[in-house]
Every structure is written in structure tokens, then in C-alpha cells.
Amino acid sequence: MVKIACQEQLLPGATLQRKWEFAVAAGYDAIELRGHGAYAFRQRLPELRRAIRDGVVLPTVCVDMRHFFGAFDRELRRDALDQMKSQLSVIADIGGRGAVTPASYGMFSLRLPPFTPPRTAEEDRGVLLDGLTELGKHAEKEGVRLYLEPLNRYEDHMVNRLDQAADLIRTVGSDGLAIAADTYHMNIEEDDPSAALRAAGRLVGHVQVSDSNRLQPGAGHLDWHGVLATLSCTGYEGFLAVECRLRGNPAEAVAGIPAFLRSR
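Residues numbered from 1 in each chain as written. Predicted model: local features only at pLDDT ≥ 70, side-chain atom pairs only at ≥ 80, totals over all residues. Heavy atoms only, no water.

Peer 1: Would you explain the pairing of strand β5 (residues 145-148) in this entry?
Peer 2: Of the strand pairs in this sheet, strand β4 (residues 98-101) and β5 are connected by four bridges, and their pairing is parallel. Bridge pairing links threonine 101 to leucine 148 in β5. Crossover handedness for the path β4 to helix α5 (residues 121-142) to β5: right-handed. Relative to strand β6 (residues 177-182), β5 runs parallel, the two sharing three bridges. The residue of β6 that forms the bridge with leucine 148 is isoleucine 179. Note on the crossover from β5 through helix α6 (residues 162-172) to β6: the handedness is right-handed. (Pairing = 2+ DSSP bridges. Helix = DSSP H or I, 4+ residues; strand = E, 2+ residues; numbered from the N terminus. Right-handed = clockwise from strand over helix to strand, strands pointing away.)

This is how it looks when you write it as C-alpha cells:
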């Protein structure tokens, strides 16, 4: 059976416990957390521990910071690495599976002016491999995984496709690393999303879902039957974590997603 999570900001309710009540009634199996910067996620640890004691299922956290481990600035890279390691430790503390992060977000695009980044492709790769090596070791130590998420060409210039993420992860060779596949970004970057998922295979450790227009599944033209069938064939056992914008009444839109995905 497909396991479906919903990111916490999409669920109505003032507490994780209230959000969980809504999520369970709608057919969700878990809540995906958001990990804000300045160590805000670590500061939530008492709240998260209470939620776990109350039966809330919290397997993953998706980073939500202003800078990431692929930043051009050395100090920003260091800070992002330290914060990601903290998020990995927190999600391990509450018995979760891992943390999701892109290499960068909104830092540079080869598709928009000025077109020439301040680092060469070789320098980019070196920075990413160094960062992933450090994060992979920390994830292994904590017994969780760092999920590297490729973003579309307008949001990141370094890791846009699953095969690029797979190459970096295979080069590092850490069991603490896996791919986070996002159906919205795949719709833009992959020639054939299902073929890309098949090629990445067991390296795909996490999946985030939204439709081709970034709205809730079913509001665009994504081939959901093909994507979900492929994940089943590759033996994917993780969650489908809903990360999207909403069209229509927000609560009704969120509540309808599990039934839609399970009917594909």
C-alpha cells in the first residue's frame, strides 16, 4: 500500500497533534516536517518528542533555509553543513528516517542572466562531493539518511536530474546518502520521469509529490499512473511526501490527495 505524508504547513491545526488528527482522517500516514534555519528545528525538539509520544508519525524533515551546502560563500557553506547535521541528529532523535536538502536553491541559474557562475563546473563538483561526504558520514553515525533533491534549472545550476544526484552519491559511496525525487522538478528536467526513476532504482530513498504546475496531485498533467507504477516496480518503500501549492479550498484540496494517489 502506498504510504503518503503531508508537509506540516499544508495541514490545518495549531499543533502537530491537531494536524495529525486531520491527516489521519484524510488518509495520510505521516507528516513531513520543515526544518527552518538558525537551528530552529533543534529548538523544536521538546515539541517533536511530545508529538511522537502522542503517536504522530514524523519520518522526515525537509530543509527550509536561506542558504545550502553548495553555497558560493565558504562561511555560508559551513553554516549550512552544520545546520544540516543538526537536523539529521534531531530527526534521528525522534526515530525518523532522514532529512531532505537540495545542493542550493535560488543561488544561480545557467538559464537566466548573467549566465556565467562564479565557480567552474569542476569547482562545483568538488564543493558538492566534500559536503556530501561530510553529511553522509554524519547521517551514517546517526542511523539516518541525507536525501539529496535535484531542483529544476531555474532554481539550481548544479544538480537538476536524478542521474546527476546518483553520480554524486555513487562517487561518495556512503550508505547515509540517497536521492529525494520530486515529481515537479522531474516534470521539467527529465526526458522520461519513469525511465529516470528506473535508472536511479534503489538510490531513490524519498519522493516528494506535486503536479506539473506545482499544485496538488491531480491538478496538472503528470502521468501519475506511470510514476507510481515505476516506484512500485523498483521496490520503493518510502513515503510520498506532499509538497505543493493548493488550488481551491485548502483543507478540501489537502484532504483529497491521498484518495487521488491511491486510485492511480
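Peer 1: Mind showing me how you'd approach the sheet that holds strand β7 (residues 204-209) here?
Peer 2: Strand pairing in a sheet takes place through backbone hydrogen bonds and is either antiparallel or parallel in direction. With respect to topology, eight strands assemble into a closed barrel ordered β1-β2-β3-β4-β5-β6-β7-β8, the strand pairing being parallel. For this sheet, the mean angle separating the axes of adjacent strands, direction not counted, is 30°. Direction of pairing for strand β2 (residues 30-36) relative to strand β3 (residues 60-64): parallel, over a ladder of five bridges. Counterpart to histidine 36 in the pairing with β3 is aspartate 64. (Axes fitted to C-alpha atoms, helices over the stretch in contact; angles between N-to-C directions.)

Peer 1: Is there a simple way to think about the packing of helix α4 (residues 74-93) against α5 in this case?
Peer 2: Two packed helices can be described by the angle between their axes and the distance between those axes. Look at α4 against α5: their axes get within 10 Å of each other, and the N-to-C directions meet at 20°. Compared by their axis directions, α4 and α5 come out roughly parallel. Seen along the crossing, α4 lies across α5 with a hand that is right-handed. Here Arg77, Arg78, Leu81, Met84, Lys85, Leu88, Ser89 and Ala92 of α4 lie close against α5, whose contacting residues are Val127, Gly131, Glu134, Leu135, His138, Ala139 and Glu142. Counted by class, the contact of α4 with α5 contains seven nonpolar, three polar and five charged residues. (Parallel < 35°, antiparallel > 145°, perpendicular 65-115°, else oblique. Left-handed = near helix turned anticlockwise from the far one by under 90°. Contact = heavy atoms within 4.5 Å. Nonpolar A, V, L, I, M, F, W, Y, C, P; charged D, E, K, R; others polar.)

Peer 1: Quick question: what am I supposed to make of the nonpolar core here?
Peer 2: Core analysis: the largest hydrophobic core is formed by 70 residues, its most contacted members being Tyr28, Leu33, Leu58, Phe69, Val242 and Leu261. Top element by residues in this core is α4. It accounts for six residues. For tyrosine 28, the contacting residues outside a window of four places in its chain are Ile4, Ala5, Cys6, Ala23, Val242, Val254, Ile257 and Pro258. Among the nonpolar cores identified, the runner-up in size contains five residues, and Cys62, Val100, Tyr147 and Ala180 belong to it. (Core = buried A, V, L, I, M, F, W, Y, C linked by side-chain atoms within 4.5 Å. Buried < 20%, exposed > 50% of the residue type's maximum accessible area, 1.4 Å probe, protein only.)

Peer 1: What am I meant to see in unusual backbone geometry here?
Peer 2: Most peptide bonds take the trans form, and the phi angle of most residues other than glycine is negative. The step from proline 113 to proline 114 runs through a cis peptide bond, and the omega angle for that step is 15°. Mapped onto the elements of the fold, proline 114 is located in the loop between β4 and α5. Phi at alanine 38 is positive, roughly 60°, even though this residue is not glycine. Mapped onto the elements of the fold, alanine 38 is located in the loop between β2 and α2 (40-43). Positive phi values are uncommon outside glycine, yet phenylalanine 115 reaches one of about 75°. In this fold, phenylalanine 115 is placed in the loop between β4 and α5.

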